[in-house]
Amino acid sequence: MKDQFVVPARLKKTSFVLMGVGLLTLLIGLIAFHGENATRFWAGLLQNSSFFLLITLASTFFIAATTLAHGGWQIGFRRVPEAISMAVPVLSAILFVVVMILVFGGRDDIYHWVNAHHVAEDKILTWKSAFLNKGFFTVATILTLGLWIFFTLKLRKMSIEEDGWDLRPETGRKLLWRNTVVCGGFLVVFTLSVGSTTPWIWLMSIDAHWFSTMYSWYTFASTWVSGLALIALFVVYLKKHGYLSYVTEEHLHDLGKFMFAFSIFWTYLWFSQYMLIWYANMPEETEYFQPRVWGQWRPIFFLNLLINFVTPLLFLMKRDTKRNYTAIVFIAIVIIFGHWLDFWQMVSPGTVKTLVFPWYEFGLGLGFVGLIIFLVSNQLTKAALVPKNHPYLKESIVHHT
């Protein structure tokens, strides 16, 4: 059984090439978008840094949720989401730099509320200034990112430590208990951040006059299903290269069911948020959808529905496609791209305004993909691919047999 991952030269080369594309795109953007055109430069960075941070954080959420649910089925590939989650500290640092430059650099073309003159003349911004201000934004961002990093590193450290423990009943109980406590703490933080304030201040405040109580859950659904797709891609890659011998078609089938289910959940939130605002027809709410549904962003808005709902629904409905490596890789890439596109139309209409071909944003996205591949492949070499001392490993081995 191959239990220690060695990074193939081809994978390492791919990650460097993609990171090179991202850096080259960033340099071209720095030259092409300056002065009044700098809005697109910063909007692209905000979109990509927030999206890729949240889909890697989804792996920490996956570990925490399955741990609290005592879901033993995923132990056979648990080290995959652990490795993905270790990209969180690096991507958090990138996002932190980006948003701090936007806020303290006075980029009111991104965040309208950072300009005190605008706030003083705008009743809505004045009312929202209790939380839409530089101080609250900074403290909330530092606290959120700090806690995400702390819990991610803690879970990874505990998991690796457990490889050296003795296999005894009392040891297993201790292992489960401390994992339950830490995962419970993370889920509280996750709910109060991703499920509440973080998407509001980082993304929804771009359209500062608008508000939606469903926005955070919509953002969660988008990044959660993308995070599941990312996990599936790495699981398939490792299986194709002879690793994860305990992982079978049954595990892949369950990941496919998760992607299927949460694609529908995302659609439920997509429809509910739009339908309630359309039905109420209140100007302060409909202004968000004006450029997206009735303006030039209309094709992208409905393309979202086609890619993120119709495609996974039809493709993953059959049992066989959820158990086929090629099919899972295809639909996982489609899901990640579709929700990347969703983030693009969440950020750009309120900043760039005009619909243009997203060569710059996509180039940056490839750079982030390369960085994630590099970080995750490196982390996969740090520990055995199977947590051999986990009490639920046997449950994962006999899963659906």
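Residues numbered from 1 in each chain as written. Predicted model: local features only at pLDDT ≥ 70, side-chain atom pairs only at ≥ 80, totals over all residues. Heavy atoms only, no water.

Looking at an unreviewed UniProt entry, one finds the chain named Quinol:cytochrome C oxidoreductase and attributed to Chitinophaga hostae.

Draft legend 1. Layout of the packing of helix α4 (residues 88–104) against helix α15 (residues 359–380). Between α4 and α15, the least distance of the axes is 10 Å, while the angle of their chain directions is 150°. Here α15 runs roughly antiparallel to α4, going by the angle between their axes. In this structure, α4 contributes Val-90, Leu-91 and Ile-94 to the contact, and α15 contributes Phe-368, Leu-371, Ile-372 and Leu-375. For the contact of α4 with α15, the per-class residue count stands at 7 nonpolar, no polar and no charged. (Axes fitted to C-alpha atoms, helices over the stretch in contact; angles between N-to-C directions. Helix = DSSP H or I, 4+ residues; strand = E, 2+ residues; numbered from the N terminus. Parallel < 35°, antiparallel > 145°, perpendicular 65-115°, else oblique. Contact = heavy atoms within 4.5 Å. Nonpolar A, V, L, I, M, F, W, Y, C, P; charged D, E, K, R; others polar.)

Draft legend 2. Expanded view of empty space enclosed by the protein. Summed over the entire model, instances satisfying the criterion amount to 3 cavities of 30 Å³ or more. Estimates place the volume of the largest cavity at around 80 Å³. Residue lining of the largest cavity: Tyr-215, Tyr-218, Trp-270, Gln-273, Tyr-288, Phe-289, Arg-292, Phe-301, Asp-342, Gln-345 and Met-346, and that is the complete set. Within the residue set of the lining of the largest cavity, elements represented by two or more residues are α9 (215–240), α10 (249–280) and α14 (325–347). (1 Å grid on protein atoms, 1.4 Å probe; cavity = no way out; pocket = protein on both sides within 12 Å on 5 of 7 lines; lining within 4 Å. Points joined across faces, edges and corners; volume = space filled by probe spheres on them.)

Draft legend 3. Seen up close, the pattern of salt bridges. Tallying each qualifying case throughout the model produces 12 salt bridges. Across the pair Glu-361 and Arg-40 runs a salt bridge whose closest N-O atoms are separated by 3.0 Å. Of this pair, Glu-361 sits in helix α15 while Arg-40 sits in helix α2 (residues 38–68), and the two are 321 residues apart along the sequence. Here Glu-361 falls in the buried class, since its relative accessible area comes to 2%. In this structure, the salt-bridge partner of Asp-207 is Arg-292, at a minimum N-O distance of 3.8 Å. Here Asp-207 is found in the loop between α8 (169–202) and α9, whereas its partner Arg-292 is found in helix α12 (residues 290–294), with 85 residues between them in sequence. Accessibility assignment for this pair places Asp-207 and Arg-292 in one class, buried. Put simply, Arg-78, Arg-79, Glu-82, Arg-156 and Asp-163 are held in one network by salt bridges that share partners. (Salt bridge = Lys/Arg side-chain N within 4 Å of Asp/Glu carboxyl O. Buried < 20%, exposed > 50% of the residue type's maximum accessible area, 1.4 Å probe, protein only.)

Draft legend 4. Quick peek at the layout of surface pockets. Empty space within the largest pocket amounts to approximately 620 Å³. Taken together, 20 residues line the largest pocket, and the ones lying closest to its centre are Leu-233, Ile-333, Ile-336, Val-369 and Ile-373. For the lining of the largest pocket, the secondary structure elements donating two or more residues are α1 (9–32), α2, α9, α14 and α15. In terms of residues, the lining of the largest pocket owes the most to one element, α15, which gives 7 residues. Looking at the lining of the largest pocket residue by residue, the class counts come to 17 nonpolar, 2 polar and 1 charged.

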